[in-house]
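Chain residues, written in single-letter form:
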Number of protein chains: 4
Amino acid sequence: YLVAIGKADIDLRTIGQLPGILDIHRVSDEYKLVSRKWRVRPTVLDLGDGVRIGEGSLSIMAGPCSIESEAQMEKIMQHLVDNDVRIMRGGVFKPRSSPYSFRGLGMDGLKLFHQMARARGIKIITEVMQVSQVEEMHDYVDVFQVGARNTQNFNLLDALGGVDKPVLIKRGISGTLEELLSSAEYVFSGGNEKLILCERGIRTFETASRNTLDLNAVPILKEKTHLPVIVDPSHGIGIRDYVAPMALAGVMAGADGIVYEAHEKPEEAASDGAQTLNFAESARLVRNLRRVYALRQELE
Amino acid sequence: YLVAIGKADIDLRTIGQLPGILDIHRVSDEYKLVSRKWRVRPTVLDLGDGVRIGEGSLSIMAGPCSIESEAQMEKIMQHLVDNDVRIMRGGVFKPRSSPYSFRGLGMDGLKLFHQMARARGIKIITEVMQVSQVEEMHDYVDVFQVGARNTQNFNLLDALGGVDKPVLIKRGISGTLEELLSSAEYVFSGGNEKLILCERGIRTFETASRNTLDLNAVPILKEKTHLPVIVDPSHGIGIRDYVAPMALAGVMAGADGIVYEAHEKPEEAASDGAQTLNFAESARLVRNLRRVYALRQELE
Amino acid sequence: YLVAIGKADIDLRTIGQLPGILDIHRVSDEYKLVSRKWRVRPTVLDLGDGVRIGEGSLSIMAGPCSIESEAQMEKIMQHLVDNDVRIMRGGVFKPRSSPYSFRGLGMDGLKLFHQMARARGIKIITEVMQVSQVEEMHDYVDVFQVGARNTQNFNLLDALGGVDKPVLIKRGISGTLEELLSSAEYVFSGGNEKLILCERGIRTFETASRNTLDLNAVPILKEKTHLPVIVDPSHGIGIRDYVAPMALAGVMAGADGIVYEAHEKPEEAASDGAQTLNFAESARLVRNLRRVYALRQELE
Amino acid sequence: YLVAIGKADIDLRTIGQLPGILDIHRVSDEYKLVSRKWRVRPTVLDLGDGVRIGEGSLSIMAGPCSIESEAQMEKIMQHLVDNDVRIMRGGVFKPRSSPYSFRGLGMDGLKLFHQMARARGIKIITEVMQVSQVEEMHDYVDVFQVGARNTQNFNLLDALGGVDKPVLIKRGISGTLEELLSSAEYVFSGGNEKLILCERGIRTFETASRNTLDLNAVPILKEKTHLPVIVDPSHGIGIRDYVAPMALAGVMAGADGIVYEAHEKPEEAASDGAQTLNFAESARLVRNLRRVYALRQELE
């Protein structure tokens, strides 16, 4: 794309007549390419094997905070297959705020994750944390996830602008929606249009929950951009009992999908156990999410 | 009630044997009487004529920010009757952050409001702003509303502890859920158990919406207290187009009701026009709210 | 005053020629009377007996959170006299967030407070919490304090607009500086120009301190308004060891005075002990405050 | 170091008798090595040529947001030399929130910056944005700066744990002080003890300033850690007129130094002009900072 920036009044026709110009748009937002003013039709991403993200389908992504072992993956994948959930989340490189915590299985874990997922028709979303990982992870992921601490890691965003895989960008922990859209613009302007935005809770004064899941973000983003919007209630509210109601509310607010943490035995998970659903809770949530989504489609 | 406070270990049986003691509870929260640990069964308020607030029904409260004239009330009441909405909101004393703004019609307006509502079987909720108004407003309201700026006006809470009318307490604009529960405790400990809590948006760093409607409050409050929980999406998000999706999401998150602003011509409203629905939007919202509530009742 | 509001372009000369018009100002802020655009010279309040608040002097106000007893007051007043501190703070009506806490000595306490202070040449600042108290407290206070929970209690502000005593308005716990100025405007437009603004800490995500004392407010308010600006480090940071450095920093940022909590035995205070200085700390702070203020006067 | 973590009660003597053990400390904070409980004496960093950072000296760091050209550097360096400021700040890789903004001169700019600074006895602090830059920048910087968007970029912190140059870590825009200390712990536990912490403003609801410079951080950090604490008023408050009072207040609150933006013609700066001082303002600030620091040393 050519994105022309300027304050001057320009006669668009003088540009439109240049050779090689297919289309011209005048956009006044700070973010231009991801704005609905530029592209009115919602973006739908096709992951293959009938798995789509965006308008027209409800994307459910579930899995543990971190990949821990083959046995753990075996169990969670069977749970996903049983409930027809087609996308699995799971971290292999874990950003930890203390230097003394578990840091993930790394590339070996990812390769095993990929091999097991392929065998079961499951797509993978996992977090990329730095530029050097983009290339090595590329062949083993279906969706790159940019975490809340990297929403404004512009070097990473630049690198992801050059790949042909979808990228889910989480809102920063104190990031405005404008900033989230601007981060998406970074990747989009680099050439990668396969983007997904994710609301995952912001930091406020309230301490009754881990974060404040900001569902206002859903209708606001859906109006401002053509990109799919996903809600992460697990990190968003951070307390197991409240994950399901907030997930259902997120779909009713207009989300295109939900990503949540599930584990065979949450109390034994290497991380995030307090916000992770067990399989019975997860299966019930999936059934309810689909009923809520079906109703939303019917509403006037 | 006798609320005994202390750190010492007490043998409850020594108290239970005293004359006049019906029941004893040990509660560790700062708020005691409004806690589910004290009373497990949800509180349901009966406003008469079949209008109830709490578990088992969805309360819809609609109306203008401010009562402006007889003609205005006539129109909105007809709209409510047409849509079987039984509770009307509308301010008569308006708290305004600038000394140069419209301040409401006062007691004369309230008396007319009451007379017109009674004639149509409509219940009234309106804001009380100071102690001296409690008595003069008493006979003309069905539910007293305590606004977000008065959530911690303890003199007002004390006064409302002595009346026999329901009180809806809005969360402070930067109030924690603990503080909201503690304010309810104030009124409850004064003798008035007819309480309703209302989430109406908090102040955060985000500027894309007027406030950040915090739907996390719904499941958290529903677990911590036996009181009904209402959501106010109009003040919560403050932008007309987003009121309906946030209202629907609020019900899906578990709210017992929704209070929102509606006006025949929002653009001509004396206040809050930017967040007010017109009658067509309002009617559609009411229909959708009832479908969402019906589904919620069916979910596992 | 006549405050004229409108968007139309008006020829000021047509107004200036009307009888009874002394002066005309065009002000574009939401707050008009308290703006420096209206009055360039800083407001200085004279409490009598040589006690002034505003440009040209450093006002130190100290005392306990709450007045507790004659003996307590005797000791703190002696401490103030010994250190030439001329203004004593102390609550008689305490706003408490739990209904089960100490609520203050009330009017009897205030009368004793006043009698003892007068005998020692000490001026009194204490909090007024509701409209009905304005008249009964009037003769016993030198400065009315409006607490952080009442910054937008417009009925109270209206009532204080009609008295001839100075009013110190604390910033709301989540109040913007615009809102604080607008609250001052309320009182000023009611006829009472004797106003003082007070920064006392805001609510943020940070939990290492009770509140976040926002010293940015000092230079911003000093530029926007002609009113004196006071800093309350005790409530602002809420931890005893940090009160002194923040008080000194507040003066260096440009504050016209400091109000802080002191008590003979902080650990025995009925309230706020954790943020209260003992007499040795208080005396040292007073000496240091005066040195910092003296240096500030000398800086270029 | 060996940092042993565990909940069990351990008899320290059994460890102390092992070969190779010099000293043992029991620390209960999440951050251990940077805590004052582990090392009581304040850390002082020696940059050579008599330039020190930490207790006993006031570090002044000034310069433009971004290095723009040789001519620009020539002028600012002359200004620094004239005012005996020994450390120059200036970005060569700029993190920009929009993909369409100036991104800095890169390594060529840094090499020129280094050469010119060496010739004048000036030390350099500049931001490193990703792991791959650590090695290439190493020989040309005196202090690595970790920006507010990278405070929790743990890969970058790991890399900086392995170098022998000082690292200044800025607090995240919504980072708690605990998180800042934990980030320092990351680098320290990697082997690099040469750390400096920097308060640079947090994100709150207030919009009167760009950020809310949180001077409370200064006394809190000085008590919790042995590391030097620097204040950045330029980014902290973000408005030119308020930079100087906040800088002076920061020193009075206990800061070991100030970093601020200065430019010959702020209005022509490639970035951050609105918060940048011109040379006259900068020179006056330096003189005043030294007087305030001198007084602070004298206070009881």
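Look a little higher up for the structure.
Residues numbered from 1 in each chain as written. Chains lettered and ligands numbered in written order. Predicted model: local features only at pLDDT ≥ 70, side-chain atom pairs only at ≥ 80, totals over all residues. Heavy atoms only, no water.

What follows covers the packing of helix 6 (residues 177–189) of chain D against helix 7 (residues 217–224) of chain D. All names here are of chain D. Taken N-terminus to C-terminus, the directions of helix 6 and helix 7 make an angle of 45°; their axes are 11 Å apart at the nearest point. Between helix 6 and helix 7, the angle falls in the class oblique. Helix 7 is crossed by helix 6, and the crossing has right-handed handedness. Contacts between helix 6 and helix 7 involve Leu177, Leu180 and Leu181 on the former and, on the latter, Ala217, Ile220, Leu221 and Lys224. For the contact of helix 6 with helix 7, a count of residues per class yields 6 nonpolar, no polar and 1 charged. (Axes fitted to C-alpha atoms, helices over the stretch in contact; angles between N-to-C directions. Helix = DSSP H or I, 4+ residues; strand = E, 2+ residues; numbered from the N terminus. Parallel < 35°, antiparallel > 145°, perpendicular 65-115°, else oblique. Left-handed = near helix turned anticlockwise from the far one by under 90°. Contact = heavy atoms within 4.5 Å. Nonpolar A, V, L, I, M, F, W, Y, C, P; charged D, E, K, R; others polar.)

When chain B is brought onto chain A, the operation consists of a screw motion whose angular component is 180° and whose axial shift is 0.0 Å, with 0.0 Å RMSD remaining. These values place the two chain copies in the arrangement generated by a two-fold rotation axis. Using C-alpha coordinates, one finds that chain B approaches the rotation axis most closely at Ala249(B), a distance of 2.2 Å. An overlap of 100% is found between the interface residues of chain B and their copies at the interface of chain A, pointing to a shared contact surface. (Least-squares fit on C-alpha atoms with pLDDT ≥ 70 in both.)

A few words on unusual backbone geometry. Look at Asp84(B): it is not a glycine, yet its phi comes out positive at around 55°. Looking at the secondary structure, you find Asp84(B) in the loop between helix 2 (70–82) and strand 4 (87–89). In this model, Asp49(D) sits at a positive phi of 55°, which is unusual for a non-glycine residue. Residue placement: Asp49(D) occurs in the loop between strand 1 (45–48) and strand 2 (51–53).

Evaluated as defined, the whole model comprises 4 cavities of 30 Å³ or more. Of the voids in this model, the largest cavity is the one considered here, and its volume is about 140 Å³. Taken together, 14 residues line the largest cavity, and the ones lying closest to its centre are Thr204(A), Thr204(B), Thr204(C), Thr204(D) and Phe205(D). In terms of residue class, the lining of the largest cavity is made up of 4 nonpolar, 6 polar and 4 charged. (1 Å grid on protein atoms, 1.4 Å probe; cavity = no way out; pocket = protein on both sides within 12 Å on 5 of 7 lines; lining within 4 Å. Points joined across faces, edges and corners; volume = space filled by probe spheres on them.)

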